[in-house]
Amino acid sequence: MTVAGRLDSPEADAIRDVTDAPWEALTEVEKKRIAGLSEDLYSMTDPPREPIEEVEDRFLDVIAEILYPSRGHAPDGLLEQLRRWKDELDPALLSYLRGQIWLRTGDLATAALFFKHAFELRPGNKEYFIWYQVTRKAESRERVAALP
């Protein structure tokens, strides 16, 4: 609603009314995760930036941990780290890495959103496209399996 400029609309008020109670029932960790996700999703509407072709060495350990988890870093901590680096990493790579983290949490729909964004920014990148297709298809299968 904010992105569409309808934050003060009756629809936005209705959404706030039905989400107040569930929001209050969340733990502080869950609230922080949702606030971070909201920030990450808003970043997808930022004006396009120039691609950053090189990845600085100081980012490589965290990127390796995201792509090849070995030390059991919590997803929330990795997402926080990416938020701190959002202006220093290529936007497509940033979305791809966020997708990998959300995939690890089991949230296929959110992972697919980030993979799709990465592919939209870099349409020639087959890896981004494949991850988007795989997560989207897996999420569809999950939804169908959950039907009564």
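Refer to the preceding data block for the structure.
So, a few notes on the structure that sits alongside this text. (Residues numbered from 1 in each chain as written. Predicted model: local features only at pLDDT ≥ 70, side-chain atom pairs only at ≥ 80, totals over all residues. Heavy atoms only, no water.)

### Focus on the packing of helix H3 (residues 57–67) against helix H5 (residues 91–105)
In helix packing, the relevant descriptors are the interaxial angle and the interaxial distance, both defined with respect to the helix axes.
No. 1: The interhelical angle for the contact between H3 and H5, taken along N-to-C directions, is 45°, at an axis separation of 9 Å. Classified by the angle their axes make, H3 and H5 are oblique. Every residue of H5 that contacts H3 at Ile63, Glu65, Ile66 and Leu67 is listed here: Leu93, Tyr96, Leu97, Gln100, Ile101 and Arg104.
No. 2: Class assignment for the residues of the contact of H3 with H5 results in seven nonpolar, one polar and two charged. (Axes fitted to C-alpha atoms, helices over the stretch in contact; angles between N-to-C directions. Helix = DSSP H or I, 4+ residues; strand = E, 2+ residues; numbered from the N terminus. Parallel < 35°, antiparallel > 145°, perpendicular 65-115°, else oblique. Contact = heavy atoms within 4.5 Å. Nonpolar A, V, L, I, M, F, W, Y, C, P; charged D, E, K, R; others polar.)

### Looking at the environment of Trp131
No. 1: Here Trp131 lies in helix H7 (residues 126–145).
No. 2: Residue class for Trp131 comes out partly exposed when judged on its relative accessible area of 28%.
No. 3: Remark: the alpha-carbon pair of Trp131 and Asp20, spanning 111 residues in sequence, is separated by 34 Å.
No. 4: Other than its neighbours up to four places away in sequence, Trp131 contacts Tyr96, Gln100, Leu103 and Phe115. (Buried < 20%, exposed > 50% of the residue type's maximum accessible area, 1.4 Å probe, protein only.)

### Here's the deal with the packing of aromatic side chains
What characterises a pair of aromatic rings is the spacing of the ring centres plus the angle enclosed by the ring planes.
No. 1: Overall, the coordinates contain five aromatic pairs when judged by the stated rule.
No. 2: By way of ring pairs, the aromatic residues Tyr96, Phe115, Tyr128 and Trp131 are connected into one cluster. (Phe/Tyr/Trp six-rings, centres within 6.5 Å; stacked < 30°, edge-to-face > 60°.)

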